[in-house]
Every structure is written in C-alpha cells, then in structure tokens.
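Residues per chain, in single letters:
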Amino acid sequence: MVFVKGVLTSISLAIAAVASVAARPAQLKFEKRQEDQQGIDDTSDNGLTERVTWDSYTLKLDGERVFLFSGEFHYFRLPSPDLWTDILQKFRALDYNGVSFYFNWGYHSPKKGVYNFDGVRDVQKAFDAAEEADLYVISRAGPYINAETDCGGFPSWLMDMRSPARYSNEEYNANRKEWLTEINKFLVPNQITNKKGGPIILNQLENEYTGHDAEYMEAIKQKFLADGIEVPSIFNDKGMNNYFVNGTGAPDIYGFDKYPAGFDCSNPKKWATNASTEYMDYYAITNPEQPSALWEFQGGAFDPWNGPGYSACRQMVNEQYAKIYYKSNYGQGVRIQNHYMTYGGISWGGLATPSVYTSYDYGAPISEPGLMTTKAYEVKLQATFLHTVKPFLATEYFEPKIDNSDNILVLGRASIEAPTKFYVAHHLNTPSDNLDEFHVTVNTTDGFFNIPKSSKLVLNGRDAKVLVADYDFESQHLVYSTSEIFTHQDVGSYDVIVVYAYEKEEGEFVIKTGGKRNVKVETNDSVTSEFSDGVLQLTYTHPNGTTPVYISGAGKKNKDLLVLISGYETALLWWAPVIDKKKDTRVLINGPYLVRSAYVSRSSVAFTGDIDQTTDIQVILPRAITSITWNGKKVKLHKGDHSIWTGTLKFTEPEVKYTDLTKAKWKYSPGSPETDSDFDDSEWTTADRLTTNSVTTSDTLPILYADDYGYHTGSIWFRGTFNGSSEITGFNLTCISGAASAWMVWLNGEYLGGFDVGSQEFRNLDINIKGKNVISALLWTTGHEEDGGSNDAYKTARGFTSAKLLGLNDDQNQTASIDWKIQGNLGGEDLADPVRGAYNEGGLYGERYGWHLPGFPDSKWEDASIPEEKSRTGVSWYRTTFDVDIPEGYDVPMSLRYVDETKTRYRSLLFLNGWQLGRYANDLGPQTQFYLPRGILNTSGLNTLAVAVIPIDEAAQIGKLILEPYKVLQSAIPSVDSVESPSYQDRQ
Ligand code: IPT
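Criteria and thresholds
- Residues numbered from 1 in each chain as written.
- Predicted model: local features only at pLDDT ≥ 70, side-chain atom pairs only at ≥ 80, totals over all residues.
- Heavy atoms only, no water.
- Helix = DSSP H or I, 4+ residues; strand = E, 2+ residues; numbered from the N terminus.
- Rg over C-alpha atoms; globule rule 2.2 N^0.38 Å.
- Buried < 20%, exposed > 50% of the residue type's maximum accessible area, 1.4 Å probe, protein only.
- Contact = heavy atoms within 4.5 Å.
- Domains from an automatic or database assignment.
- Near = heavy atom within 4 Å.
- Polar contact = N/O pair within 3.5 Å; in protein donor to acceptor, adjacent residues only side chain to side chain.
- Areas by Shrake-Rupley, 256 points an atom, 1.4 Å probe, with all protein chains shown as cover.
- Nonpolar A, V, L, I, M, F, W, Y, C, P; charged D, E, K, R; others polar.
- Disulfide = S-S within 2.5 Å.
- Pairing = 2+ DSSP bridges.
- Axes fitted to C-alpha atoms, helices over the stretch in contact; angles between N-to-C directions.
- Parallel < 35°, antiparallel > 145°, perpendicular 65-115°, else oblique.
- Left-handed = near helix turned anticlockwise from the far one by under 90°.
- Phe/Tyr/Trp six-rings, centres within 6.5 Å; stacked < 30°, edge-to-face > 60°.
- Lys NZ or Arg CZ within 6 Å of the ring centre and 35° of its normal.
- pLDDT = per-residue confidence, 0-100.
- Core = buried A, V, L, I, M, F, W, Y, C linked by side-chain atoms within 4.5 Å.
- Expected span 1.5 Å × (residues − 1).

Engineer: What is the right way to look at the overall build of the protein chain in this model?
Structural biologist: Counting secondary structure elements, the protein chain contains 14 helices and 66 strands. Relative to the globule expectation of 30 Å for 988 residues, the C-alpha radius of gyration of the protein chain, 31 Å, shows essentially globular dimensions. Dimensions along the principal axes, computed over C-alpha positions, put the protein chain at roughly 110 × 65 × 55 Å. Looking at the protein chain as a whole, 66% of its 988 residues qualify as buried. In the protein chain, the proportion of contacts linking residues at least 24 apart, taken out of those at least 6 apart, comes to 73%.

Structure representation (structure tokens):
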C-alpha cells in the first residue's frame, strides 16, 4: 500500500459559520429529551424474571439493551445434529445474536402417546449448539407451526380428532397438552432464567393464530407457565391485524410477521411494495410500550413443485432486498428482527406440505448445503453495524429535511441516549433502478449541515443506506459520514473504523478532532482532506478494495484514527468476530470466505474459518498481538503501514474421491407385485370405516382415506376386488391428494393410466365377467395440507372420495360393491423404523420390505445400469453402494443430481443409507439436485443408495444419476459423527 501525505486545505468558511451558529438548538433539544428521560424507568418485565425485560425501544438482557437479530433454523430439516453446530456457527459468524427454533410436534410423535427425542430428534443438542455459538433462542413450540410442513407440524394422528384443532375443546386440549408437556421438558431447563443459564430468552405462543379463540391462546400461555416457562411470551400476528395485542391470550410482547416480496419467484425482479412507514405507524398505535418486533421477516421465499427454482428466489430476495427492506425496518424503529429463513435445509422424507418439494433452501442467506451467499455477507454488514453502534438501539423518529423527496425517502432516527442521528435512505419507489442524487440536512451538536458538502451522495438503483451523524465512537467524534459504517474498534494505540459504499461512489467522512491545531493525514491520492477549526473532512471515491486513511492525533487525547474505506465487494468480506464478549471487543479481518471465530491467547489470535481459494488477508490486530493462526496453523504476516497486517491463507486442493455412479454396478428389481390380480393382500388393512373425521366428504363407503387407517405418508396402495358381471361396463375413481400427487391404476394387472388428482372413468375394460377382478391403485402423496386458517384444512383426505362400478344402478352398486384393502408404510403409526421416524418411508413394496436399507441382500437382483437401458413398467428399484472420501480439514458438501431426458412422466424416491433424502418429479421439477448431508453421508467410506422409480405413464427409463460436490472448502467444520442408520438386519 502506498501512502502519501494528505493535503490539508481549509474548510469553507461559510460551512464553518453555519456550524457554529446552528450548534445550539440541536444540543438543547437533546438535553430536553435527556431531562424527559430522567427518573423515569419505563422498563417492563413479565413478573417472573428480570433477566429479560423490555421498554418501548428494545429488549434488555440483564438490563443491557440489545438488538435481537435472529434467524430461523429448523433442526428437523437437517437430519445430522453435528451439522446444527456447523450452521449455528455460521449464524454467529454473520453476527446473528439469536436463532428461532420451531419445534415440530409431528416430527416427534408418530402415534398418540408416543414421543421420540433421540438421535436426529434430540432437541437438547440444538440448544447446546445454539449456546456454544453464543446465540439466544426464541422457542416456538406451536402446537401449530405451519412452516410448509406436513399438517403444519401437527402429527398425522391428530387428523382423526372429532373436534377442531386450534380451539378450546376437550379433545384437542388433551392432545396439545400432551405435546406441550413433552416439549416443555426440554424448553424449561434451557431458559436463560435457570441458575446455570440457558439460551432461551423468549417463548412463542401458537403461530400466526387467526382463530380468535382467546381462551385457547390463554390456555396455551397458562400451560407454558404451569410447566415452568419464565421467559417472556411472544405472539407473531399474521400481519398488522391487532390480534392478541392485549387482553385474554395476549403475550408479553406482541409483534407481527411480514413477507414484503411475497412468494412468486418466477418474476424475481418484481417487487411490489413502496417504501413507507406503515410498520412504525402501526406499532405506534398498537403497542407503543413494547419494542417493535418482526417475529418473522422475509429472509427468502419457498418455491412450489414446478416452480422456477431457488436460484430465482435467491435473486428475488437478494442482497439488495436485504439492504432495502431490512434497513427500512430499522428506520421504522424495529429492534427485534427474525429472518425467516436464515438456513432452510431439507424437507426430507415426507416432512413437507404439498406446496413445497424436498429442498427448502428458501433462497436464504445460508444455502441448503451450508454455503455463504452475497446476502449472508450483506446481513453481516448490517448485523455488525447494529451491534456496534449502540446509540441506534433506542431512537425516536424524526422527519429530516432532504432534497429530491420526490424520489427518495429518508427516515430519521434520533438516539435518546446520545446526540447521535441516523438517516435511513431508500428509494420511495422501492424497486426503482434509477440513479438518484440527494442531500440531507443533518442536525448535530456541531451544527446543521447539508450533506454531502462537496461530493455526491447517491442511491444507485436498489440500494439503501443508514447514515450516521454526531456520533462519539471509541475516542473519536464523527460529525457525519456518507459512507455506511461496518464497525469500529479501539485497537490500543489507535482507533479503527470500517466504512463502505458501492465502488466508484463518492464519500465524505467528517470528524471533529481532539482540538489539536494540526492533524496528520496519511493516505493515497484518491482521498482529499480538508482541515479547519478542528473539523477534518475526508472526501474520496470508494475503491475496488480498501483505502486506508491514517489520521494522527484525530481523537480525544490525540488518539489516532485509521479509517478503512472499502468498496462494497471488499466490504462484504470484512469480518469482526467478537474476542471478548464482556468488553465487547472485536478483531477485524478481511478476505476469507468465512470466519467462524477468533480467540485471543497471549500475543496471538486464533482464527477459525473456511476458504475456497488461496486468500490474501488484511488483519487489524489489537496492540500486543503479534501473530495469528488460521485453523491452528501459524500464518506468516507482514506488518504494513499503520499496523495493517497482511498475509496469505494458502488453499491446497484436496484429493476428494467419490464413485462415478454412471459406471457403478447397479442392482435392479421390479417393485410393484401389488398390480397382479393374484397378489396376496390378506395381511393388508381392510377398508371398513363407515365414518371419517376428515374434512373431505366421501361419496363412497367404506371410507377410502389412507389416514383413517393409520397410513400417513408417501405411497399408498389400494386394492379393490369385485365380482364381474356382464352389466359392469367399467368403474370410476375420484382421487384426493395434495399438489403434485399422482395415482396410477391397474385392472387385473393391466395398466389403465396415471393421473393428477381428480376423477377418472375407466371403460372398455377386459373385465372377467365370471369371477374376481382386482383394481390396484397406487397413490403417490406429497404430504398433508397445513392449517394456517384454523379451519382443519390439515384434515383434508388422501385417497378416494368416490369409487363406483359403472353400468349398475344404485341398488346394484350397493351390493356389488368393491372390497377394498389398503396398505401404506409398514406398521402404520407403529413405526417399523422409529429411528428415521414417521416421515421416512411410505407404502411401496420395497419400502415395506426394507429394500431402501443398508445391508439389504440384493445379490439375487438383476444387474443393471443407470442410465437405465430399458424402459420399465411398474415400480422399479435400483441399488448400489458407493464410496466417498473427503479428507480431514475440508468441507465438500455433496449432492446427487438426476440428469434426465426421459419424456414419460415418473416420480422417484432417493434413499441414502436408508434415509429418504429426495423426491424427484421429472415432469414437474424444478429440483434435480438433492443435498446429501454429511453424517447421513459417510464421507470416509461406503454408502448405500437405493432409488425407486415410479412411472406415472406406463413405463419410464431413468436417466443419469451423478454425485456432485457443491463446493470445495478448506474448512474448520466441526467433526460430524455418523447418524445412527439401522440396517436391514437390524429391522429383522
Ligand atoms: C408464515 C408462517 O408463520 C411460517 O411458518 C411459514 O409458513 C412462512 O409463512 C412462509 O414460509 S405465514 C406468512 C406468509 C404470513
């Protein structure tokens, strides 16, 4: 880095004059506010704990104000507990200080009275991971959660309730109490209020409840209290509806959920809303005594079957979205913000509701395989700012004076605890791509200034900025900055501040110095400085990279200040991990893909993190620190000017090995003997129910709804037997199931067709008029509906609402009816595989007989290859084993990709070591690539892959399957233990 001595010119007299004249009113106003505050402590608590309190501005933890910057994470969407630690370390690295957990009742309870919290369901491990990562937890145990999950998180057995769910009635009360009793055993000991501490600071009641049954909400609240929940309760209103703000069932802290970009990712550039102050206006009326909370604020979007895919969602809810919508929240006074999702994960097995497919990537900041995105880095820029610049915590709104108000909206926030002012600027027309220049009049104790004074301040398209004025930081006094602040630190002999804006944008950074007549500015010639009357103005263009400006004698007691001016791309890769939580100190490092943590021991900082290439780093080290290590290895550092240390983290390409599946030996077996008319179904469940508690009306008896017979997930077989006669001309069937479901029908072994849900008539059939005829129907389900509207929609049936022989009159149809047998997963609610749980396997023959499990003896199966050489009718199963070898010290998240040209429609299930990690629909998509999480995937040895191919058309021919890494990282990923994966032999 080349430094030249800065040119000190005199600041314009006119501006200096304005400054001194105007100084007084602002100061007076601030003092007045201070007086108003005096003696009034309007902190509230819930009467149970003083560890978590609040006032109208923020939450307070042990009396300390915090911005709760939280992200949503679903442990049930990542079936590998050690990866929870990995992901939550990444939350911490992005400077989230909170994580919100939904707890999924159905995930833990396959049957009334049966609960499982072991293995991948061990929620204690999720709390431990959060605590280790120093994250506060918002617990959200429902009982209803929505979350694009099967039944919205209700267990499927609840579908057989007579009474409505989510209202107070004896039957539902008893059931939800059963769940809350079980989950509270984990929530209660993990609260911050415990002697030994714990991560939970807030506990949610229900979820977006719109059912208006206040007694029900109150009963949930009372149940949590009775079981020992002491932390404040919260409620997430589905919008600005005023539900449960006060009165019966109201929580301690009310807030609402908002998804301003919506969920249609097919038009990613389209953003609907206009910038406004609606949240602020609403909260000012609704609950002014509480901090403004967005318990779910859009962090991405889900994508439906046949949708445009998550890359489109990632584009729609991108880093520009994060800049504009999140900063607008801060400008409106929001000081609790939970991103839904921060990490989405996998809706593995039958976990999803029909509206979504296997991947729940969500276009979230951290992608499904755990990778960083630009939005993740943007979120970090914001989070670190929010945690660093304390006067931004408690602020009041004011309307600043700006020019260009036709195009730009600036929300002013004045700190109530310091004279500091904040100006949150964004386009009035939120999606505007225009380049607009503007000025703001800032009102400071140093005077009024119309800023910028001598450069340009712009919003170039989809951007938003939080500008800070009149801010005492470390030993310095900032008059204002038109660059945004990332963070600042006292590093001993000098202070450092990192500021940024898009490359090529101009910036102004003005400080009032410690009163000394002269300051010395060392920088390069892209920066000009003017100094007069103790005010130093830097004017510059944001570089590609970072421009350091070293100001000797800048602060109180003449403390030096290093200003690091970064262009946006470089700013994204600044990290400021906390090294001392009590003293609130951080260490600054630029360059790495991911910095997980930093610890100081003696004269060295130990960093852990991940890199994806050889990476040049810049480090600002506290005084007395002279060396660093990266993942335990010493890094050679070069000390440049002003203690900016530089070094290089060397990336060594690992030897990653994995089998080429296109050359692997596969075994094949046909897998739908149920279509044969002489298949023995005597052990199957007889359809004999004459009533149902479903919300779906049945036109036929017996009831043909799978759930009424205890079969709740995946594929369901129906076999109907009838005696032929010359009058019978055919039959009809009406199928009910979720979006993207499919059903196929055979008569006496002959394929009749494959369909979407709805009615079909079958005529011109080869009916045996003298004897027995067998209809076989296979229903491939995609989960149950949710219950977001509290109308029992989750009880919508999966099966057939009508099944009639044609050619008979009504009377004849009564007697000559069809005898039905039903078969779903082996054991129904008495799971054959409690380890993998209720959603892992359905009722395909191969699933019932353990063909998907490791160790299944497939040696007698036919040899085959994938891509398949033949088009095959009926269900086909393929098995192979493969090796993966990922060396220690690397994270190489792997996937399985279907590369397919097949034109006939088919569905496929993919089982890795017995775990159902993918549902593929070649006719719908969009998902072709399926994440194979480490822990399920053995990354140092053998794996078993089983793939079922379920043609919807008569026959299908599966294309290629390939193993593919998402990325190769030299990584400090924590060690990942293998998840218990029972084998075929274990099941016997
Ligand atoms: C909100 C739900 O609370 C949450 O569970 C999830 O389903 C989310 O939507 C969408 O991913 S409801 C919101 C759309 C008003």
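Structure's up, so let's keep going.
Engineer: Explain the domain arrangement of the protein chain here, please?
Structural biologist: Taken as a whole, the protein chain is organised into domain 1 (41-372), domain 2 (390-649), domain 3 (657-670 + 833-987) and domain 4 (673-823). Taking the mean C-alpha position of each, domain 2 and domain 4 sit 67 Å from one another.

Engineer: Where do I start with the site of the ligand in this structure?
Structural biologist: Around the ligand sit 16 residues in total, of which Asn146, Ala147, Glu148, Glu208 and Tyr362 are the nearest. Between the ligand and the protein, one listed contact pairs an oxygen atom with a backbone N or O atom of Ala147 at 2.7 Å. A distance of 2.5 Å separates an oxygen atom of the ligand from a polar side-chain atom of Tyr362. When isolated, the ligand has an accessible area of 380 Å², and the protein chains bury 90% of it. Residues that form the shell around the ligand fall into these classes: nine nonpolar, two polar and five charged.

Engineer: Explain the side chain of His784 here, please?
Structural biologist: Looking at where His784 falls in the secondary structure, it is placed in the loop between strand E52 (772-780) and strand E53 (799-806). Looking at His784, its side chain comes within polar contact range of the side chain of Asp707, at 2.8 Å. In this view, His784 contacts Thr149, Asp150, Cys151, Ser156, Met159, Thr353, Pro354, Asp707, His712, Tyr794, Thr796 and Arg798; residues no more than four positions away in its chain are not counted.

Engineer: What should I look at first to understand the state of the cysteines in this one?
Structural biologist: A covalent bond bridging the sulfur atoms of two cysteines is what the word disulfide describes. For the structure on display, the rule yields one disulfide. Shown here is the disulfide that connects Cys265 with Cys313, its sulfur atoms set 2.1 Å apart. Measuring handedness by torsion sign, the sulfur bridge of Cys265 and Cys313 sits at about 100 degrees and is right-handed. Here Cys313 lies in helix H8 (residues 310-316) and Cys265 lies in the loop between strand E11 (253-258) and helix H7 (278-286), a separation of 48 residues in the sequence. The pair formed by Cys265 and Cys313 is uniform in burial state, with each residue classed as buried. Cysteine Cys151 is unpaired, with the sulfur of Cys735 as its nearest cysteine sulfur at 17 Å. Residue classification places Cys151 among the buried positions, given a relative accessible area of 0%. Cys735 sits in the buried class, given a relative accessible area of 5%.

Engineer: Would you take a moment to explain the pairing of strand E19 (residues 440-444) for this structure?
Structural biologist: The side chains of a regular strand alternate, residue by residue, between the two faces of the sheet. For E19, a buried count of five out of five residues is recorded, marking the element as mostly surrounded by other parts of the structure. Residues Val440, Val442 and Thr444 point to one face of E19 and Thr441 and Asn443 to the other, with burial holding for every one of them. Sheet topology note: the strand E15 (residues 401-402)/E19 ladder contains two bridges and is antiparallel. Paired with Ile402 across the bridge in E19 is Val440. Summarising the sheet, E19 and strand E20 (residues 447-451) pair through five bridges and their orientation is antiparallel. Bridge pairing in E20 links Thr444 to Gly447. Here E19 folds back onto E20, and the loop between the two strands holds two residues.

Engineer: Just to check I follow, could you spell out the packing of helix H4 (residues 123-132) against helix H5 (residues 170-187) for this structure?
Structural biologist: Helix-helix packing is described using two parameters, namely the angle between the two axes and the distance between the axes. Running from amino to carboxyl end, H4 crosses H5 at an angle of 30 degrees, the nearest separation of the two axes being 9 Å. One way to sum up the angle between H4 and H5 is to call them roughly parallel. Here H4 and H5 pass one another in a crossing that is right-handed. Contacts between H4 and H5 involve Val123, Gln124 and Phe127 from the former and Ile183, Phe186 and Leu187 from the latter. Here the contact of H4 with H5 is composed, by residue class, of five nonpolar, one polar and no charged.

Engineer: I would appreciate a short explanation of the pairing of strand E29 (residues 535-541) in the present structure.
Structural biologist: Counting buried positions over the seven residues of E29 gives six, a clear majority of the element. Here strand E28 (residues 527-532) pairs with E29 via six bridges, running antiparallel. Paired with Phe531 across the bridge in E29 is Leu536.

Engineer: Mind showing me how you'd approach the sheet that holds strand E9 (residues 200-204) here?
Structural biologist: Overall, parallel pairing links the eight strands, which are arranged E6-E7-E8-E9-E10-E11-E12-E13 in a closed barrel. On average, each strand axis in the sheet is tilted by 30 degrees relative to the strand beside it, whichever way the strands run. Packing of helix H2 (residues 81-93) onto the sheet brings it into contact with strand E6 (68-73), strand E7 (98-102) and strand E13 (334-343), and relative to E6 it is tilted by some 150 degrees.

Engineer: How should the packing of aromatic side chains be read in this particular structure?
Structural biologist: Any aromatic ring pair is given by two values, namely how distant the centres are and how the planes are angled relative to each other. Scanning the model with the defined rule gives 85 aromatic pairs in all. Aromatic side chains Trp743 and Phe762 sit 6.4 Å apart centroid to centroid with 85 degrees between the ring planes, which places their arrangement in the edge-to-face category. With Trp743 in strand E49 (residues 742-747) and Phe762 in strand E51 (residues 758-763), this pair connects stretches of sequence that are 19 residues apart. A cation over an aromatic ring shows up here: Arg77 above the ring of Tyr360, its NZ or CZ 3.5 Å from the ring centre.

Engineer: Quick question: what am I supposed to make of the confidence of the model for the protein chain here?
Structural biologist: Should the pLDDT be low somewhere, the predicted coordinates at that spot are not to be read in detail. Looking at the protein chain, the pLDDT average stands at 94 and 95% of residues meet or exceed 70. Low confidence marks residues 1-29, where pLDDT is under 50. Its contacts with residues over four positions away, or in another chain, come to 55 contacts.

Engineer: Would you mind going over the environment of Ile220 with me for this structure?
Structural biologist: Structurally, the position occupied by Ile220 is in helix H6 (residues 214-227). Placed 477 residues apart in sequence, Ile220 and Thr697 show a C-alpha to C-alpha distance of 31 Å. Leaving out residues up to four positions away in the same chain, Ile220 has contacts with Pro143, Arg176, Leu180, Leu205 and Glu206.

Engineer: Quick question: what am I supposed to make of the side chain of Thr286 here?
Structural biologist: Position of Thr286 among the secondary structure elements: in helix H7. In terms of polar contacts, Thr286 uses its side chain to reach the backbone carbonyl oxygen of Tyr282, at 2.6 Å. If we skip the residues at most four places from it in the chain, Thr286 touches Asn242, Val245 and Tyr254.

Engineer: In this structure, what is going on with the nonpolar core? I would like to understand it.
Structural biologist: Soluble globular proteins tend to bury their nonpolar side chains together. Phe73 and Ile551 are the most contacted members of the largest nonpolar core, which totals 259 residues. It is helix H10 (residues 374-388) that contributes the most residues to this core, seven residues altogether. If you look at the next biggest cluster of nonpolar residues, it comprises 32 residues, including Phe731, Ile736, Val745 and Phe762.

Engineer: I would appreciate a short explanation of H2 in the present structure.
Structural biologist: Note that an α-helix has 3.6 residues per turn; residues three or four places apart therefore point the same way. The first and last C-alpha atoms of H2 sit 19 Å apart over 13 residues, in line with the 18 Å expected at 1.5 Å per residue. With ten of 13 residues buried, H2 is to be regarded as a mostly interior element. Listed in full, the buried residues belonging to H2 are Pro81, Leu83, Trp84, Thr85, Asp86, Ile87, Leu88, Lys90, Phe91 and Ala93. Asp95 sits one or two residues past H2 and shows a positive phi near 70 degrees.

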